[in-house]
Each structure stands twice: as C-alpha cells, then as structure tokens.
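Single-letter residue listing:
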Amino acid sequence: KSIFVNKGLPKQLTENHLLSVLEDVFPGFVAHVSIILDLTEYQGCARRRLAKENELERKFAIHEMQQCGTLPWTIALCPGNETYPNCCLHCFGLPPVHDERRTLAQLRRLKEAEKEAFQRALASNYGAGRAFLVFQSVRSKAAFVRRVRKRSIESIVQPLKGAKRV
C-alpha cells in the first residue's frame, strides 16, 4: 500500500503540504505521507564519532595485550590497521592516562555534535527530495500508479517548487 518517491520532490516541502496537494490532485487516495529528512550533517558526525571510538578501542586493546605479554608479533611490528600500518609500536603512540582523558573529552564533544546535528535536522524540516506515500488501499495505489506512470512526481507537484513552507 505504499510507494517510495526517490527523487523529484522539492527539498523544502513539508509532509502536511504534500499531503494536501496530493489530496487536491488525487482525492481519497493517500492516507499518509512521510518526508525523508536530509541527515547528511548528522551522518558525517556519526562517522567521525565511530571512527574515533574504533581508534580508541583498538589502542586500548593493543595496550592491554602489550601489558599481558600477548601482543602478536605482527601487531608489534606494524600496529596500525590494514590501511595505515605504522612502522613500530613506539610510533603508534599508545595513550597514557592524560591522552585517554583528552580522547574521552573529544568523544564527548563528537557525541554532542552528533546530537545537535540530529536536532537541527529535525528542527529545519529540510527534506532530501524523497518521501513515502501510504495509500488508503491497494486499489487506490494501483490507480495512482496508472495515472502517474508516464509522468514524474515532480510534474504533479510542480506548483510546489515556488511554494512557501508551512
């Protein structure tokens, strides 16, 4: 009973506005509309936080293996990862206590930035030009598809391009 509109919607479009336009053009067809928000900034923050967490986790694991005497010779020789192997354990820079605190503070800042980016995405209501349309019935979905088969969703909501956000 639903369709995913992958492109062609104005990015400043709200759910209520799209639903009202679809009700005008296709009365009684659409039950619900969900606009996909643009989470690019949030995803970037999340990637940076995860990379920092993985780096810290790896450093602590290597440090613990070194303390227990179970560090494999391959890691002792090249302790970096596959992409960026380091030349020696001394170069790896295992975190002393003050570095640990600094790294944890960086992680807290990254988590806060990630949370703020998500809140900004929700508050701005700026879409990614995509939406889910949920129809009243399978029959109304089929009728909608037949009517718009040779037209793009953009041509249906074309008057919305210059419309102000509600």
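It should be noted that the structure appears before, not after, this text.
Rules used in this analysis
Residues numbered from 1 in each chain as written. Predicted model: local features only at pLDDT ≥ 70, side-chain atom pairs only at ≥ 80, totals over all residues. Heavy atoms only, no water. Helix = DSSP H or I, 4+ residues; strand = E, 2+ residues; numbered from the N terminus. Buried < 20%, exposed > 50% of the residue type's maximum accessible area, 1.4 Å probe, protein only. Contact = heavy atoms within 4.5 Å. Areas by Shrake-Rupley, 256 points an atom, 1.4 Å probe, with all protein chains shown as cover. Pairing = 2+ DSSP bridges. Axes fitted to C-alpha atoms, helices over the stretch in contact; angles between N-to-C directions.

Visitor: For the overall build of the protein, give the residues involved together with the corresponding values.
Guide: Across its full length, the protein holds seven helices and three strands. When the helices and strands of the protein are read in sequence order from the N terminus, they spell out β-α-β-α-α-α-α-β-α-α. Among the 166 residues that make up the protein, the fraction classed as buried is 32%. Relative to all contacts within the protein whose residues are 6 or more apart in sequence, the contacts with residues 24 or more apart total 77%. Accessible surface for the protein amounts to roughly 10,900 Å². Of this, 54% is attributable to carbon and sulfur atoms.

Visitor: For the environment of Ala 61, give the residues involved together with the corresponding values.
Guide: Along the polypeptide, Ala 61 turns up in helix α2 (residues 40–68). On a C-alpha basis, the gap between Ala 61 and Leu 71 in space is 9.5 Å, while along the polypeptide they are 10 residues apart.

Visitor: Before we move on, could you go through the sheet that holds strand β2 (residues 30–37) and cite the residues and values that matter?
Guide: Within a beta sheet, neighbouring strands are joined by backbone hydrogen bonds and run either parallel or antiparallel to one another. Across the sheet, which stays open at both edges, the three strands sit in the order β1-β3-β2 with antiparallel pairing between neighbours. Each end of this open sheet is capped by a strand with a single partner; those strands are β1 (2–5) and β2. Taken over all neighbouring pairs, the strand axes of this sheet differ in orientation by 15° on average, direction set aside. One ladder, built from seven bridges, connects β2 with strand β3 (residues 127–135); its direction is antiparallel. Each residue of the ladder has a partner; that of His 32, found in β3, is Val 134. Set on the sheet, helix α1 (residues 15–25) makes contact with β2 and β3; between it and β2 the angle comes to about 140°.

Visitor: Pulling in residues and values, what's your account of the side chain of Thr 14?
Guide: Checked against the element boundaries, Thr 14 lands in the loop between β1 and α1. In this structure Thr 14 comes out as buried when scored by relative accessible area, which is 6%.

Visitor: Help me get a handle on the pairing of β3, residues and values and all.
Guide: Sheet topology note: the β1/β3 ladder contains four bridges and is antiparallel. Looking across to β3, one finds that Val 5 is bridged to Ala 131.

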